[in-house]
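Commentary on secondary and tertiary structure
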Amino acid sequence: RMLNAAKQKDYSSQDRDRANAYIEALRAELEGVPAFEPREITVLIKAKENEARLLEAEYRESLKSLHASRAKIEHIKESMSKIISLDSCPLCEQNVGAEHKHSIKDRETAKINALEAEMQLNLEKEKSLEAKSKMTMQEIESLRKEEVRLNLINLKKKNLEERIREKERLDKNLAELNRE
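A few points on the structure. Source: prediction; values computed, not measured. (Residues numbered from 1 in each chain as written. Predicted model: local features only at pLDDT ≥ 70, side-chain atom pairs only at ≥ 80, totals over all residues. Heavy atoms only, no water.)

Although it is not a glycine, Glu 93 adopts a positive phi angle of roughly 60 degrees. With respect to the helices, strands and loops of the structure, Glu 93 is situated in the loop between helix 2 (38-85) and helix 3 (98-179). Residue classification places Glu 93 among the exposed positions, given a relative accessible area of 66%. (Helix = DSSP H or I, 4+ residues; strand = E, 2+ residues; numbered from the N terminus. Buried < 20%, exposed > 50% of the residue type's maximum accessible area, 1.4 Å probe, protein only.)

As structure tokens, then:
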């Protein structure tokens with residue numbers, strides 16, 4: 001029985017030494033790491049995801065407006081081409097004069113120029129929104145990586161607490177063995 005108790009003391013002592021080494025390594029690794037609440041970063045991620053959804057919706061609207069402007073320009077060009085090629089009005093059958101054709105061409109060209117300026121603004125807005133969206137997605141990815149890193153730290157902190165309790169239990173067992 002004496003040999004068995006000595007072995008048990010030796011094993012308990014080795015377990016305690018391993019626990020001490022592990023605890024010290026974890027303490028060194030976690031030293032200076034601030035406490036954090038996992039919900040804080042989750043809230044940040046959700047806010048950025050909301051921002052990304054809004055940017056995406058705004059981007060789709062800009063794209064829709066761009067396509068609408070292109071369609072309007074094509075329609076105006078087509079109508080203008082038909083009117084310019086007319087010799088007589090299909091409704092009243094009167095001759096369509098060069099001056100009238102020229103005034104219609106000027107008016108429709110002004111509409112086209114305004115639509116092209118609007119398209120240019122939409123293209124610039126689209127590029128800006130695309131860049132903002134890309135940056136937001138990168139921020140979300142970065143926040144998710146940080147969330148994983150911080151969750152790992154929290155897990156290590158819990159592990160440290162468990163190891164400290166285990167070491168205390170081993171110390172208590174070893175003290176009892178030494179009393180016997």
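Along the chain, the position of Asn 20 falls in helix 1 (residues 2-30). Among the residues examined, Asn 20 registers a relative accessible area of 25% and is labelled partly exposed. In the structure, Asn 20 is positioned 144 residues away from Ile 164 in sequence and 8.3 Å away in space, judged by C-alpha atoms.

Counting across every chain of the model gives 13 salt bridges. Where Arg 107 meets Glu 108, a salt bridge forms, and the shortest distance between an N and an O atom there is 3.1 Å. According to the relative accessible area criterion, Arg 107 is partly exposed, its value standing at 47%. (Salt bridge = Lys/Arg side-chain N within 4 Å of Asp/Glu carboxyl O.)

Such coordinate-based values are descriptive only and should not be taken to indicate function.
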